[in-house]
Amino acid sequence: MMEEVDNIIIHSLRQIGCDIEENITNLSGFNTELIIKATVKCLDIIRPGLGLSTVLPINMAARFRLGATLAQACLELGYKADVGYQTFLYSSETDLRKVFMFLIEKLPKESDKSLSEPVSNIVLLEKSISRAIAQSLSAPWLPHYCHTKGFRNKGRARIPYKSVNLEVSTVRKEENKEEYQDYCIHYLQSVPEQMQNEMTLLPSLISYNARALHSHSMSILDQINWLNEQYCDKITEVNESSDINILNRVSIQDKTLPSNELHMETNSVKETKLIKQKIIDKTEKQDLQIEKIKTECETIRKDIEELQVAIKNLTTSVTQATINYQNEEKKLTINEEQKKIKARIYDLFQDGEENIKKLEAAIEITTNKLINLGIQWEKHRIPLIQKYRQEREKHSTKANASQKKLDDIKLLKEKERELQEECRNKDQQYSQLVTEVQKLSKEVNRSAYTQRILEIINNIRKQRDEISKVLVDTREIQKEINTLTGRLERSFTVADELIFRDARTNEASRKAYKLLATLHSDCSELVNLVEETGATIREIRDLEEQIDSEATKNIGANLERITADLKQMKQETAELTAQLQNKNS
């Protein structure tokens, strides 16, 4: 059974281009190099662009890394079983068989190949672009100063952050809106023109955006109040610092007085009192000055408010005056036009009757001319209309015929393109199939493989039927056991009750009750022993199966390989340490 599976796996691996010798008939003949090569070939076909090497490296650390990457690729494809670097470096037949069966199932089918083959250069370009993007996304992130090569460092320069204060036009709701618009249109420079160089453009935009987000507008009154508070705080700080310095000086002088000059203390006390009095006078003067400044600020604020109100009133009056002026100009132009018309009418009123006669004669002449022109136009119009209709009908028939011909030509061109594409695809498929047929060995008999596959399927069906029969039998036996145990328990309880009733008066029934109890306990022990023997038999079978599976894993050979690899790693580490010591010395 497993030999046939191994033959199918080996045949499929040969088809994808693995060089497997003819004398290898099962997976036990695979060495580590061949296992690595076959898995890499399968993964390259399933996921192109991995860039794994088919050659087994000499260094042991590189071998372990390669095995770990292969295991990770299998897990990413959806392999559910346990897999690691030991699966490929120290393999067993069962694990290899599972892995290769999974990879062969994941290989693209022939129909998928024919559909997904690149047809034109555009498709090849798209595939290369997607491969490059996938490689860039799979690469680990590093900061820009760690990149010295590659496309990640392009566009990232070590440029200092230097910004320029930008002046950008904004929407204003003020009285001088028109003047501001004129300034923005004629005099305000654009953002690129305000830059010193190209490097300051992006920092300047970032800084302007930050200021716009975090700025809060203050009115004139708020700004004045803020300035007053700042000024008062500064004055108080200066006064406090000066008072503290004076007191410190006085205290220092008091401490440095000698003991023999006690009569001078009274003078120093007087001086300190005078100094304190001066300080108090200064603070009072400063408070008065602050109050004066506050009153002046209040008066200035009131004046500013009055001026703002006056400015608003004046602007409203100016706008009203301009509106009135425009209305008066319109009325004046209308009156001037009416005046001209009335002046002409007045000139005509001087010779009224003669002018009326002249107008009537001119009107009759123009009407006669118009009637004659209308008659002549009708004579010319009728034949022209007939000609126009005939020509339009001819043109419409020609246009319809030409449009039909154009539509037919377009359809034929589209069909031609489709046929050309189909011919190209078929030519490519034909060339691919010819190359594949040439690669295939002529000695392969497909009917034998199909017959083997059908036999395997029939054997699996038979085994499935037998397993289902065994399961049904075990279920029926379990049901019977359950019914018998139930009956036994019920019968025991009934017998126990009957004998227990008579055991109070009859000595024989007492002996029978004791015998019944001992019989029940012995039977239960026998049943438990039977169950334990069955469990031990099952455990023995499981252990035998595990022993067989472990025997197939070639643990001895794997241990020999591991010891050899360990020795090699020790040698490599010793060489590396020697090289490091030589460099340090």
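All of these numbers come straight from a predicted model, not from anything done at the bench.

J.: Where do I start with the overall build of the protein in this structure?
T.: Counting its secondary structure elements, the protein contains 16 helices and zero strands. Expressed as a percentage of contacts within the protein between residues at least 6 apart in sequence, the contacts between residues at least 24 apart total 58%. As presented, the protein carries roughly 47,900 Å² of accessible surface, and 57% of it is formed by carbon and sulfur atoms.

J.: Honestly, the side chain of Thr 87 in this entry has me stumped. Any pointers?
T.: Tracing the backbone shows Thr 87 in helix 4 (residues 85-89). The class for Thr 87 is buried, based on a relative accessible area of 6%. Filtering out sequence-adjacent residues up to four positions away, Thr 87 remains in contact with Asp 82, Asp 95, Leu 96 and Val 99.

J.: Which parts of the structure should I look at to understand the layout of surface pockets?
T.: Sizing a probe to match a water molecule and rolling it over the atoms shows the empty space that remains. Estimated volume of the second largest pocket: approximately 450 Å³. If you go around the second largest pocket, you meet 15 residues; those closest to its centre are Ile 481, Thr 485, Cys 523, Val 527 and Glu 531. For the lining of the second largest pocket, the secondary-structure elements that each account for two or more residues are helix 14 (446-502) and helix 15 (507-552). Take the lining of the second largest pocket: its biggest share by element is nine residues, from helix 15. Taken together, the residues that form the lining of the second largest pocket break down as seven nonpolar, five polar and three charged.

J.: I tried to follow the packing of helix 2 (residues 32-46) against helix 5 (residues 93-106) on my own but got confused; where do I start?
T.: Each pair of packed helices gets described by two things: the angle between the helix axes and the distance between those axes. Orientation of helix 2 relative to helix 5, taken along the N-to-C sense of each, is 25°, at an axis distance of 9 Å. Here helix 2 is positioned roughly parallel relative to helix 5, judged by the angle of their axes. Here helix 2 and helix 5 pass one another in a crossing that is left-handed. Along its contact with helix 2, which presents Ile 35, Ala 38, Thr 39, Cys 42, Leu 43 and Ile 46, the element helix 5 presents Leu 96, Phe 100, Leu 103 and Lys 106.

J.: What is the right way to look at the nonpolar core in this model?
T.: As a rule of thumb, soluble globular proteins bury nonpolar side chains together. In this structure, Leu 13, Ile 20, Phe 30, Phe 88, Phe 100 and Leu 103 are the most contacted members of the largest nonpolar core, which totals 36 residues. Ranked by residues supplied to this core, first place goes to helix 2 with eight residues. If sequence neighbours within four positions are ignored, Leu 13 has contacts with Cys 18, Ile 20, Phe 30, Ala 38, Cys 42 and Phe 100.

J.: Got a minute to help me understand a nonpolar patch on the surface in this structure?
T.: There is a patch of nonpolar side chains on the surface, built from Ile 8, Ile 453, Leu 454 and Ile 457 and spanning about 300 Å² of accessible area. At three residues, helix 14 tops the list of elements feeding residues into the nonpolar patch. Relative to the assigned elements, Ile 453 resides in helix 14.

J.: Even after reading the chapter, I still don't get the pattern of salt bridges, so can you show me in this structure?
T.: Any two side chains of opposite charge can pair, so long as their charged atoms come close to each other. Going through the model one piece at a time under the given rule, you end up with eight salt bridges. When the shortest N-O distance is used, the salt bridge between Glu 76 and Arg 47 registers 2.8 Å. With a gap of 29 residues between them, Glu 76 in helix 3 (residues 60-77) and Arg 47 in the loop between helix 2 and helix 3 connect regions that are remote in the sequence. Between Arg 301 and Glu 298 there is a salt bridge, and its shortest N-O distance comes to 2.5 Å. Of this pair, Arg 301 and Glu 298 both sit in helix 12 (residues 265-349), three residues apart, which is roughly one turn of the helix.

J.: Honestly, helix 5 in this entry has me stumped. Any pointers?
T.: Residue pairs three or four apart in sequence face the same way in an α-helix, which turns once every 3.6 residues. The first and last C-alpha atoms of helix 5 sit 20 Å apart over 14 residues, in line with the 20 Å expected at 1.5 Å per residue. Those residues of helix 5 that are buried are in contact with helix 1 (2-15), helix 2, helix 3 and helix 4.

J.: Can you walk me through the confidence of the model for the protein in this structure?
T.: Low pLDDT marks regions whose predicted coordinates should not be analysed in detail. Mean pLDDT for the protein: 78, with 80% of residues reaching 70 or above. pLDDT under 50 marks residues 111-119. Its contacts with residues more than four places away, or in other chains, come to eight contacts. Taken as a whole, residues 149-157 scores under 50 in pLDDT and shows ten contacts with residues more than four places along the chain or in a different chain.

J.: What am I meant to see in the packing of helix 2 against helix 3 here?
T.: Where helix 2 contacts helix 3, the two axes come as close as 11 Å, and the packing angle between them is 40°. Classified by the angle between their axes, helix 2 and helix 3 sit oblique to one another. Helix 3 is crossed by helix 2, and the crossing has left-handed handedness. Judged by residue contacts, Ile 36, Thr 39, Val 40, Leu 43 and Ile 46 of helix 2 engage Leu 66, Leu 70, Ala 73 and Leu 77 from helix 3. Grouping the constituent residues of the contact of helix 2 with helix 3 by class yields eight nonpolar, one polar and no charged.

J.: So what exactly am I meant to see when it comes to the side chain of Glu 572 here?
T.: Residue position: Glu 572 is located in helix 16 (residues 555-584). Lacking a salt bridge, the buried Glu 572 has Arg 63 as its closest oppositely charged neighbour, with an N-O distance of 7.4 Å. Beyond its immediate sequence surroundings of up to four residues, Glu 572 is in contact with Ile 58, Asn 59 and Met 60.

J.: What's the story with helix 3 in this structure? I'm lost.
T.: Compared with an ideal rise of 1.5 Å per residue, which puts 18 residues at 26 Å, helix 3 spans 26 Å between its outermost C-alpha atoms and is within 8% of the ideal. Gly 78 sits one or two residues past helix 3 and shows a positive phi near 115°.

J.: I tried to follow the environment of Ser 28 on my own but got confused; where do I start?
T.: By the secondary structure assignment, Ser 28 is in the loop between helix 1 and helix 2. You can call Ser 28 partly exposed: its relative accessible area is 43%. Between the C-alpha atoms of Ser 28 and Leu 96, which are 68 residues apart in sequence, the distance is 9.4 Å. Here Asn 26 takes part through its side chain, which lies 2.8 Å from a polar atom of the side chain of Ser 28.

Reading the values: the criteria
- Residues numbered from 1 in each chain as written.
- Predicted model: local features only at pLDDT ≥ 70, side-chain atom pairs only at ≥ 80, totals over all residues.
- Heavy atoms only, no water.
- Helix = DSSP H or I, 4+ residues; strand = E, 2+ residues; numbered from the N terminus.
- Contact = heavy atoms within 4.5 Å.
- Areas by Shrake-Rupley, 256 points an atom, 1.4 Å probe, with all protein chains shown as cover.
- Buried < 20%, exposed > 50% of the residue type's maximum accessible area, 1.4 Å probe, protein only.
- 1 Å grid on protein atoms, 1.4 Å probe; cavity = no way out; pocket = protein on both sides within 12 Å on 5 of 7 lines; lining within 4 Å.
- Points joined across faces, edges and corners; volume = space filled by probe spheres on them.
- Nonpolar A, V, L, I, M, F, W, Y, C, P; charged D, E, K, R; others polar.
- Axes fitted to C-alpha atoms, helices over the stretch in contact; angles between N-to-C directions.
- Parallel < 35°, antiparallel > 145°, perpendicular 65-115°, else oblique.
- Left-handed = near helix turned anticlockwise from the far one by under 90°.
- Core = buried A, V, L, I, M, F, W, Y, C linked by side-chain atoms within 4.5 Å.
- Patch = residues over 30% accessible without salt bridge, like charges linked within 9 Å, V, L, I, M, F, W, Y side chains within 5 Å.
- Salt bridge = Lys/Arg side-chain N within 4 Å of Asp/Glu carboxyl O.
- Expected span 1.5 Å × (residues − 1).
- pLDDT = per-residue confidence, 0-100.
- Lys, Arg positive; Asp, Glu negative; His and termini not counted.
- Polar contact = N/O pair within 3.5 Å; in protein donor to acceptor, adjacent residues only side chain to side chain.

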